[in-house]
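Single-letter residue listing:
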Amino acid sequence: MGSPALVDRASKAAEAAFASYGQSSRAERAAFLDAVADEIEARAEAITAIGSAETGLPAARLQGERGRTTGQLRLFARHIEAGDYLDRRHDPALLDREPLPRPGLKLVQRPIGPVAVFGASNFPLAFSVAGGDTASALAAGCPVVVKDHSAHPGTGEIVAEAIAAAIAKQGIDPGVFSLIQGGKRDTGTALVQHPLIRAVGFTGSLGGGRALFDLCAARPELIPFFGELGSVNPMFVMPVALAARGAEIGRGWAGSLTMGAGQFCTNPGISLVIDERKADGFVQAATEALSEVGAQTMLTDGIAEAYRAGRERIAGGAGVREMLASKCDRRNAKPCLYEVSGDDWLANHALGEEVFGPLGLVVRLRDFEQMLQVAGALEGQLTCTLHMDEGDTEQARALMPVLERKAGRLLANAFPTGVEVCDAMVHGGPYPASTNFGATSVGTMAIRRWLRPVCYQSMPEELWPNLGDAA
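Worth saying up front: this structure is predicted, and the values here are computed from it rather than measured.

So, the sheet that holds strand 15 (residues 381–387)
Then comes step 1: Read from one edge of the open sheet, 7 strands run 11-13-14-9-8-15-16, paired in mixed fashion. Pairing within the sheet leaves two strands with one partner each, and these edge strands are strand 11 (321–324) and strand 16 (407–412). Neighbour-to-neighbour, the strand axes of the sheet open up by a mean angle of 20°, direction not taken into account.
Then comes step 2: Bridge analysis of strand 8 (residues 235–237) against strand 15 gives 3 bridges, and the strand direction is parallel. Residue pairing for strand 15: methionine 235 is matched across the bridge by threonine 385.
Then comes step 3: Against the sheet, helix 11 (residues 301–315) touches strand 13 (336–341) and strand 14 (359–365), its axis set at about 30° to strand 13.

Pasting the structure below:
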């Protein structure tokens, strides 16, 4: 069981390991990441079995998530081998320059030190023990201390065993990775406030993330907190597309909304339509599609309780009309659908807050001017989506400057559930979607969170850091 004493032990071990791991070559770290992926795959059946038992997720979902986990480990291995992430810059000496000579200057990105990672409830593999935060930090050269989520401790333990096996095979200091399970609130507090921890990665609720962010800010020595928190991921259904294929979009929305019982951070919880007769077909198709979805098991009792509370909050809002209501008991969740006018949505901030689960809200707007007004009133989002046809281009163009300031990923004629792990992906956005809008928790750019630029002036070659090449 986790405790502040174990946090201290793990943090000190991580700091000791950083002396060697932070100076290791890119090739050595790439080989380690590949070895971790191999060891996870070697435990595939055990991970799927216990993961399904702990979370209620189907085997196929866990198998896919395991593939994403090992895939991103290998992606970061290839990324650091290429070396572009180092952002190397060289200004050669100009000793004859007048009136003053210029010294030789070199810049390179260097690892920051031990990193704390908090596992997510909704992704027991891809956002947890060996997930994206851990993979990118290890790739950067940073030891990691993971505080795993209590929803899936057995799954986390097997993955930690895989990492330990890779550490042993590669001959790496074992302090490079520690897993802390369970414990009271003081365990998490001790981790983010430990003086040897240099940054924190978190995926979870707005309330939990904000509490950890505040703890980081209260440290005598400030450190960055990279939290991926909450988002309603609004969809803007433009008029021409609504008239031409509103029913199709409505059915697609229902599928995205209920995927994984709505327990994705990119779940599109709000659809915005201009209130004309054409909107009725969209709403009717979404309602019919949602009514055919049966109960799904949510990940934890707490998530199920929060979903019921969120449903009551939305249903109790002024002017909110019920389109589809479902009874939910214990950990079972069924979809719900509500609609509200643009005026009532703008008057009630709570209607724009995330409900983690398969709940949709249709906001019926007077006209395009009100669509612009609602877009401007949105808080920060992970995603914003435009459903549009050719005749919607001018209005969509008018929305783009607003939406670019609201979200980290903008989509056209797609649904935001499903986050591709690749070079160009941005999974983050302005607060409260995340606590640092200049970062991403998915994709190769995630490594930048655990690096800082260092400039070397007139430095002898013998003292240049070990980059694994002739830089």
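That shown, we press on.
Section: the side chain of threonine 287
Then comes step 1: Looking at where threonine 287 falls in the secondary structure, it is placed in helix 10 (residues 278–291).
Then comes step 2: Discounting residues that sit within four places of it in the chain, threonine 287 has contacts with Met323, Leu324 and Leu337.

Quick word on the sheet that holds strand 17 (residues 451–457)
Then comes step 1: If you trace the 3 strands from one edge of the open sheet to the other, you get 1-2-17, paired in antiparallel fashion. Each edge of the open sheet is held by one strand with a lone partner, namely strand 1 (89–91) and strand 17. Neighbouring strand axes in the sheet, compared pairwise and without regard to direction, differ in orientation by 25° on average.

Here is what the cut-offs are and how they apply
Residues numbered from 1 in each chain as written. Predicted model: local features only at pLDDT ≥ 70, side-chain atom pairs only at ≥ 80, totals over all residues. Heavy atoms only, no water. Pairing = 2+ DSSP bridges. Helix = DSSP H or I, 4+ residues; strand = E, 2+ residues; numbered from the N terminus. Axes fitted to C-alpha atoms, helices over the stretch in contact; angles between N-to-C directions. Contact = heavy atoms within 4.5 Å.

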